[in-house]
Amino acid sequence: MKILVVGNGGREHAIIQSLKKSKKIKEIYAIAGNGGIANDAITVDMDVKDVQKVADWAEQNKIDFAVVAPDDPLVLGAVNLLNEKGIPCFGPTKEAAIIEGSKIFSKNLMKKYGIPTAEYETFSNMDDALSYLEKCDMPIVIKADGLALGKGVIIAENLDDAKNAVKSMMEDKVFGASGSNVVIEEFLTGPEVSVLSFTDGKTLVPMISSMDHKRALDDDKGLNTGGMGTVAPNPYYTNSVAKECMEKIFIPTMEAMNKEGRTFKGCLYFGLMLTPKGPKVIEYNCRFGDPETQVVLPLLKTDLLEIMQAVAEERLAEVKVEFKKKSACCVIMASKGYPEKYDKGFEITFKTSRKNVFVAGAKLDGGKLLTNGGRVLGVTAVAYDLKKAIKKAYKKVDKIKFANAYYRTDIGKRALKAYGEKI
Ligand code: AMP
Ligand code: GLY
């Protein structure tokens, strides 16, 4: 089979390395891929947001199955266009991808169907938003309605910061049109858990749980980033929490989307907070998380292509999805200065196998792999327990060199603490 994976980051590299294990696959293409993905797939230079061009290319090149991984092309309808051309896909249509594409849609969906989430109000008028803030307890959370590269969430500690956040989104348009409408919601507390799931609209199968580390610096300090590392499973996600989430959140969400005429097929991501009042949804994503995928897929035992085809054909119930009884840790190696200003173009050298080393931001130049982004690599290790996985991941990191490399040294520490252990 000829497979196309749309996307160009570490998540797509993890998907491709996982798909490559399937015997059914002859060729994997990546649009646009990157210099590291080029090691595992044939890369095709194209803007992933130009969804018409992507669909035309897939048709001309007789692609048998496509996986659309990032939020932008999903929200823009890449799957609709590919399906119109008769190409089966893993990923939701744009009608279903709105669950991530509009926070107002997802909040209203949860309210309508009684799915636990933070209390909120939505605003399209700035003055109304500003006067509402006067009545709110602090801290308070302000979210841009649309996609904002994972940056559209501001937690304000006081009224001034909250007002400035609303103004920056609605008046200064720092997130462009994404901030024309905002959600103002209650600040929740508790451990965070990411749960990715496979769903075909009839069956929903949660994958192994994971924990992200969003802040740039050790001890969860510094700026928010796209994610500096992950571990799986997440120790806070016990069997009883999993059962509660399945009953009160996962199945109700799948059914709610069906009732709205927006059946979701693909990977539905639940960003959860385990609050003193039970698990609540912080956010939905319409796709695999990044860098959660980099720890979840290396633990998958079942053939990924088989699952993805079953989802596309609405027969997920027939597939037994299994995960290894092991742990995984992914350490992101970034460019010094990320998520703000950083230099790029430094050569990356490996004194270790590149299996489970997922390239996010690098390009090939005359056979050399050069840094080309803020997050450069996701270095994953799998072991029988979390402590060993963490050690193994950092050992691997030591064997990969590039100038200005920066990484957190405490990925997994929070999870080990929850298990009552130290690094
Ligand atoms: P998001 O981009 O929606 O994942 O939000 C980024 C981060 O903001 C989340 O991972 C949470 O840590 C935090 N956050 C979002 N919503 C809330 C909330 N209602 N209460 C507390 N923290 C939140
Ligand atoms: N790691 C969270 C996300 O992919 O948005």
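Scroll up for the structure.
A short tour of the structure in this document, coming up. The shown structure was predicted, so the numbers you read here are calculated from the model rather than taken from an experiment.

The next thing to look at is a negative patch on the surface. Taken together, the side chains of D127, D128, E171 and D172 present a region of like negative charge at the surface. Inspection of the secondary structure puts D127 in helix α7 (residues 126–133).

Right, let's get into the packing of aromatic side chains. One pass over the full model with this rule turns up eight aromatic pairs. With a centroid separation of 5.9 Å and 35 degrees between ring planes, the pair formed by F90 and F288 is classed as tilted. Remark: F288 occurs in the loop between β17 (278–285) and α10 (293–296) and F90 occurs in strand β5 (residues 89–90); sequence separation between them is 198 residues. Given the relative accessible area of 2%, F90 is considered buried. Its relative accessible area of 2% is what places F288 among the buried residues. The side chain of K326 reaches across the aromatic face of Y384, ending 4.6 Å from its centre. Between R354 and the ring centre of F350, over which it is positioned, the NZ or CZ distance is 4.5 Å.

The subject of this paragraph is the nonpolar core. The biggest cluster of nonpolar side chains holds 48 residues, and the ones touching the most others in it are L4, W57, I99, F250 and L272. Counting residues per element, this core draws most heavily on helix α9 (residues 239–259), which supplies seven residues. Residues contacting I99, with those up to four places away along its chain left out, are F105, S106, L109, T253, M257, F264, L268, Y284 and C286. Grouped together as the second largest cluster of nonpolar side chains are 43 residues, L19, I28, A30 and M308 included.

Right, let's get into unusual backbone geometry. Across the junction of A232 and P233, the peptide omega takes the value -5 degrees, indicating a cis bond. Its identity as a non-glycine residue notwithstanding, K173 has a phi of 55 degrees, on the positive side. At E314, a position not held by glycine, the phi torsion is positive, near 55 degrees. Turning to its location among the elements, E314 is positioned in the loop between α11 (304–312) and β18 (327–335).

With respect to topology, four strands assemble into an open sheet ordered β6-β9-β7-β8, the strand pairing being antiparallel. Two strands in the sheet have a free side with no partner beyond their single neighbour: β6 (120–123) and β8 (153–156). Adjacent strand axes in the sheet meet at a mean angle of 20 degrees, parallel and antiparallel pairs treated alike. In the sheet, β6 pairs with strand β9 (residues 182–186) via four bridges, with the strands oriented antiparallel.

Time to look at the site of ligand 1. Not every one of the 15 residues close to ligand 1 is listed here, only the nearest: E185, E186, L188, E192 and E283. One nitrogen or oxygen atom from the main chain of E186 is found 2.9 Å from a nitrogen atom belonging to ligand 1. A distance of 3.0 Å separates an oxygen atom of ligand 1 from a polar atom in the side chain of K214. At the level of elements, β7 (140–144), β8, β9 and β17 are the ones that each hand at least two residues to the shell around ligand 1.

What follows covers the site of ligand 2. All residues in the neighbourhood of ligand 2 are listed as D212, Y269, N285, R287, G289, D290 and E292. Measuring from an oxygen atom of ligand 2, one finds a side-chain N or O atom of R287 at 2.9 Å. D290 places a main-chain nitrogen or oxygen 2.9 Å from an oxygen atom of ligand 2. For ligand 2, whose accessible area on its own is 200 Å², the fraction buried by protein is 88%. Across the shell around ligand 2, the residue classes break down as one nonpolar, two polar and four charged.

So, on to the environment of L305. Residue placement: L305 occurs in helix α11. Measuring from C-alpha to C-alpha, the distance between L305 and K20 comes to 9.0 Å, with 285 residues separating the pair along the chain. Non-local contacts of L305, meaning those with residues more than four positions away in its chain, are made with M1, I3, L19, S22, K24, I25 and F65.

The rules behind the values
Residues numbered from 1 in each chain as written. Chains lettered and ligands numbered in written order. Predicted model: local features only at pLDDT ≥ 70, side-chain atom pairs only at ≥ 80, totals over all residues. Heavy atoms only, no water. Patch = residues over 30% accessible without salt bridge, like charges linked within 9 Å, V, L, I, M, F, W, Y side chains within 5 Å. Areas by Shrake-Rupley, 256 points an atom, 1.4 Å probe, with all protein chains shown as cover. Salt bridge = Lys/Arg side-chain N within 4 Å of Asp/Glu carboxyl O. Lys, Arg positive; Asp, Glu negative; His and termini not counted. Charge placed at Lys NZ, Arg CZ, Asp CG, Glu CD. Helix = DSSP H or I, 4+ residues; strand = E, 2+ residues; numbered from the N terminus. Phe/Tyr/Trp six-rings, centres within 6.5 Å; stacked < 30°, edge-to-face > 60°. Buried < 20%, exposed > 50% of the residue type's maximum accessible area, 1.4 Å probe, protein only. Lys NZ or Arg CZ within 6 Å of the ring centre and 35° of its normal. Core = buried A, V, L, I, M, F, W, Y, C linked by side-chain atoms within 4.5 Å. Contact = heavy atoms within 4.5 Å. Pairing = 2+ DSSP bridges. Axes fitted to C-alpha atoms, helices over the stretch in contact; angles between N-to-C directions. Near = heavy atom within 4 Å. Polar contact = N/O pair within 3.5 Å; in protein donor to acceptor, adjacent residues only side chain to side chain. Nonpolar A, V, L, I, M, F, W, Y, C, P; charged D, E, K, R; others polar.

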